[in-house]
Amino acid sequence: MAGFIVRRVLQMIPTLLGVILLVFFLFNAVGGDPAYILAGKMASAEDIANIRHQLGTDQPVYIQLEIFIRQIVTGNFGDSWATHESVAHIFKTRLTPSLILLIPMMIIETLTAVCLALLVSVLRGSFIDQSLMVISTVMMSISLLVYIIVGQYLFASMLGWFPVKGWSDSLWRDITVYAPLPILLGLMVSIAPSLRLYRTFILDEINQDYVRTARAKGLTETRVLFTHVLKNAAIPILTNLLMGLPGLLTGAFLLERFFAIPGIGREIILAVERSDFPIIKAATVYVAVATMLANLLADILYRYLDPRVNLK
C-alpha cells in the first residue's frame, strides 16, 4: 500500500506540471496585459512599465513561469488585482462559508439518496418506486434559480421561517439561522439525480448471482441488502461522492450570490467578471490538486471496500 501511494504521488508530479503549463500559457495568451487592467484608463506609460516590473511580466517567459511555480509551491499567489487583498486571505476567509453550506449538503444528500435508492430498489416497479422516479424527474427539470426564488418567497417572506438572505460573523448563528434555507433548497436539486444514479448502481447488484445465492442460504433480506448489495454498490457510489469533493473548493455560487453569502463560489464569479486572474489561477490549481488527491483517496478506499482490488 505504501509503495502504491508513493508511486501515485510521483505520478501526480507530471500531471500537475501539465496543469501548470496549461494554466500559465492559457492565461498569458488570453489574459492580455495585466498592467493595463491594474493601471486603469488614465495611467501613463511610466505607470504601466512600473506595474509590469512589479508583476514580473517584463521578464522573459521562463522567468515568469518560474515566478508562477514559486507561487504554487509557496501558496502565495499574490494580491487580487481588483481588491488588492491577498489571494491566500481570500481563500482562507471565503472558504468557510462555502463549506458550511456544502459539507452538510453533501452528507445529507448522500445519506438520503442511498436510503431512498435502497428502498426503491427493493420495491422496484411498485407505486412508491414509480412515484419517486416521477418526482425525481420533475425536480431535476426545474432550475435551481426557480427553487431559490420560490423558496425565498415562501419560506422567508411569507412564512418567516428563515431570513431572506444574510450572513454574520458568528459561526453558530450562520449554521443555525442563515445556512438552513440555502442548504434545504440545494438538497431539493441535488437529491433527485443522486437517487436515480444510486438506484441504478444498486439494481445492478441486486440481480447478481451472489445475491440469489445469499437468499437461497436463508439470509434475511435486510442482511442481503446491507451486507452484500450495498457493500458492492458502494464502489461506484464512493466514486461519485469523491469526484464531487473538489467542487467544495469552487463553492455554490448561485446560492451564495442570492443569499448574500461571502463564499468562495461568489468570489470566483466576481473574479471572472473583473478579470482578476490571480484568484482564477489559484482556484484552477487548487481544484486540479484536489481532484488528483480525491482520485488517490478513491483508489485507496476501493482496496478496503473490495479486497479483490489489486493496487499496482
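The coordinates are above.
J.: Before we go on, may I ask you to explain the side chain of S168 in this structure?
T.: Residue placement: S168 occurs in the loop between α7 (144-158) and α8 (171-178). Within the structure, the side chain of S168 is placed 3.2 Å from the backbone nitrogen of S170, a separation counted as a polar contact. For S168, the side chain forms a polar contact with the side chain of D174, separated by 2.8 Å. Setting aside its immediate chain neighbours within four residues, S168 contacts R173, D174 and Y178.

J.: What is the right way to read the nonpolar core from this model?
T.: Side chains that are nonpolar tend, in soluble globular proteins, to be buried together. Counting 22 residues, the largest nonpolar core has F68, I72, F77, V87, F91 and I279 as the members making the most contacts within it. When residues of this core are traced back to their parent elements, those giving at least two are α1 (2-30), α4 (61-74), α5 (87-122), α13 (264-274) and α14 (277-305). At six residues, α14 tops the list of elements feeding residues into this core. Sequence-distant contacts of V87, that is, excluding residues within four places in its chain, are made with F77, G78, D79, S80, P278, I279 and A282. In this structure, M105, I183, I191 and F259 belong to the second largest nonpolar core, which totals 21 residues.

J.: I keep staring at the packing of α1 against α14 and nothing clicks. Help me out?
T.: Each pair of packed helices gets described by two things: the angle between the helix axes and the distance between those axes. It is at 10 Å that the axes of α1 and α14 come closest, and there the two elements cross at 155°. Relative to α14, α1 is oriented roughly antiparallel. The interaxial crossing formed by α1 with α14 has right-handed handedness. The segment α1 lies against α14, with F4, I5, R8, V9, M12, T15, L16, V19, V23 and F27 engaging F277, I280, K281, T284, A288, V289, M292, L293, N295, L296, D299 and I300. Residues of the contact of α1 with α14, tallied by class, amount to 16 nonpolar, three polar and three charged.

J.: Could you clarify how one ought to interpret the environment of R215 in this entry?
T.: Following the sequence through the fold, R215 ends up in helix α10 (residues 209-216). With relative accessibility at 33%, the residue R215 sits in the partly exposed group. Separated by 31 residues in the primary sequence, R215 and P246 have C-alpha atoms spaced 39 Å apart. Leaving out residues up to four positions away in the same chain, R215 has contacts with I206, E221 and V224.

J.: Before we go on, may I ask you to explain a nonpolar patch on the surface in this structure?
T.: Side chains of V134, V138, I142, V146, V150, Y153, L154, M158, L159 and W161 sit close together on the surface and give an oily, nonpolar patch of about 950 Å² of accessible area. Broken down by secondary-structure element, the contributors of at least two residues to the nonpolar patch are α6 (127-141) and α7. Counting residues per element, the nonpolar patch draws most heavily on α7, at five residues. As for its position among the elements, V134 is in helix α6. Under the relative-accessibility criterion, V134 is labelled exposed at 52%.

J.: Got a minute to help me understand unusual backbone geometry in this structure?
T.: The general pattern is negative phi for most residues beyond glycine and trans for most peptide bonds. For H84, which is not glycine, the phi dihedral falls at a positive 60°. Tracing the chain through its elements places H84 in the loop between α4 and α5. The residue A260 is not glycine, and still its phi comes out positive at about 55°. Given a relative accessible area of 33%, A260 falls into the partly exposed group.

J.: Help me understand the packing of helix α11 (residues 221-243) against α14 in this model?
T.: Taken N-terminus to C-terminus, the directions of α11 and α14 make an angle of 170°; their axes are 10 Å apart at the nearest point. Classified by the angle between their axes, α11 and α14 sit roughly antiparallel to one another. On α14, the residues that touch K231, A234, I235, L238, T239, L242 and M243 of α11 are A294, N295, L297, A298, L301, Y302 and L305. Of the residues belonging to the contact of α11 with α14, the class tally is 11 nonpolar, two polar and one charged.

Quick notes on the rules
Residues numbered from 1 in each chain as written. Predicted model: local features only at pLDDT ≥ 70, side-chain atom pairs only at ≥ 80, totals over all residues. Heavy atoms only, no water. Helix = DSSP H or I, 4+ residues; strand = E, 2+ residues; numbered from the N terminus. Polar contact = N/O pair within 3.5 Å; in protein donor to acceptor, adjacent residues only side chain to side chain. Contact = heavy atoms within 4.5 Å. Core = buried A, V, L, I, M, F, W, Y, C linked by side-chain atoms within 4.5 Å. Buried < 20%, exposed > 50% of the residue type's maximum accessible area, 1.4 Å probe, protein only. Axes fitted to C-alpha atoms, helices over the stretch in contact; angles between N-to-C directions. Parallel < 35°, antiparallel > 145°, perpendicular 65-115°, else oblique. Left-handed = near helix turned anticlockwise from the far one by under 90°. Nonpolar A, V, L, I, M, F, W, Y, C, P; charged D, E, K, R; others polar. Patch = residues over 30% accessible without salt bridge, like charges linked within 9 Å, V, L, I, M, F, W, Y side chains within 5 Å. Areas by Shrake-Rupley, 256 points an atom, 1.4 Å probe, with all protein chains shown as cover. Salt bridge = Lys/Arg side-chain N within 4 Å of Asp/Glu carboxyl O.

Any functional reading would require information that these geometric values do not contain.
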